[in-house]
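Reading the structure
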Amino acid sequence: MTGPIGTYVVDMRTGSVGRLMGEAGPRLLLRPVGGGREWECEPDQVRPATAVERISATTAYVNARSRGEVT
């Protein structure tokens, strides 16, 4: 695994930042910043998110929520 549960990681296939939620067989389960539907990713396609990436993903979610685009 890339780190402990709750670690922010980047899915290198898409550039999406998510939180590590656990494992599903050989794959990792990631959840989007702000919650939502989990997705699976191969362990070799994930890297730890930088502080800038975490802040950017959180800011994007908060802004979308304030515009009513997400709940």
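Our subject in this report is the structure included herewith.

Cut-off values and rules
Residues numbered from 1 in each chain as written. Predicted model: local features only at pLDDT ≥ 70, side-chain atom pairs only at ≥ 80, totals over all residues. Heavy atoms only, no water. Helix = DSSP H or I, 4+ residues; strand = E, 2+ residues; numbered from the N terminus. Rg over C-alpha atoms; globule rule 2.2 N^0.38 Å. Areas by Shrake-Rupley, 256 points an atom, 1.4 Å probe, with all protein chains shown as cover. Pairing = 2+ DSSP bridges. Axes fitted to C-alpha atoms, helices over the stretch in contact; angles between N-to-C directions.

1. Some words on the overall build of the protein chain
- Each helix and strand in the protein chain was counted, giving 1 helix and 5 strands.
- Ordered by position from N to C terminus, the α and β elements of the protein chain give β-β-β-β-β-α.
- For a compact globule of 71 residues, the expected C-alpha radius of gyration is about 11 Å, and the protein chain comes in at 12 Å, within 12% of that figure.
- Accessible surface, the protein chain: about 4,400 Å² in total, of which carbon and sulfur atoms supply 53%.

2. Thoughts on the environment of G25
- Its place among the elements puts G25 in the loop between strand 2 (16-24) and strand 3 (27-32).
- Distance from G25 to D44, taken between C-alpha atoms, is 14 Å for residues 19 residues apart in sequence.

3. With respect to the sheet that holds strand 1 (residues 8-11)
- Ordered by their spatial adjacency, 5 strands build an open sheet running 4-3-2-1-5, and the pairing between neighbours is antiparallel. Each of the sheet's edge strands pairs with one partner strand only, and the pair in question is strand 4 (39-41) and strand 5 (46-48). Within the sheet, the average angular offset between the axes of one strand and its neighbour, ignoring direction, is 50°.
- Across 3 bridges, the pairing between strand 1 and strand 5 is antiparallel. Looking across to strand 5, one finds that V9 is bridged to P48.

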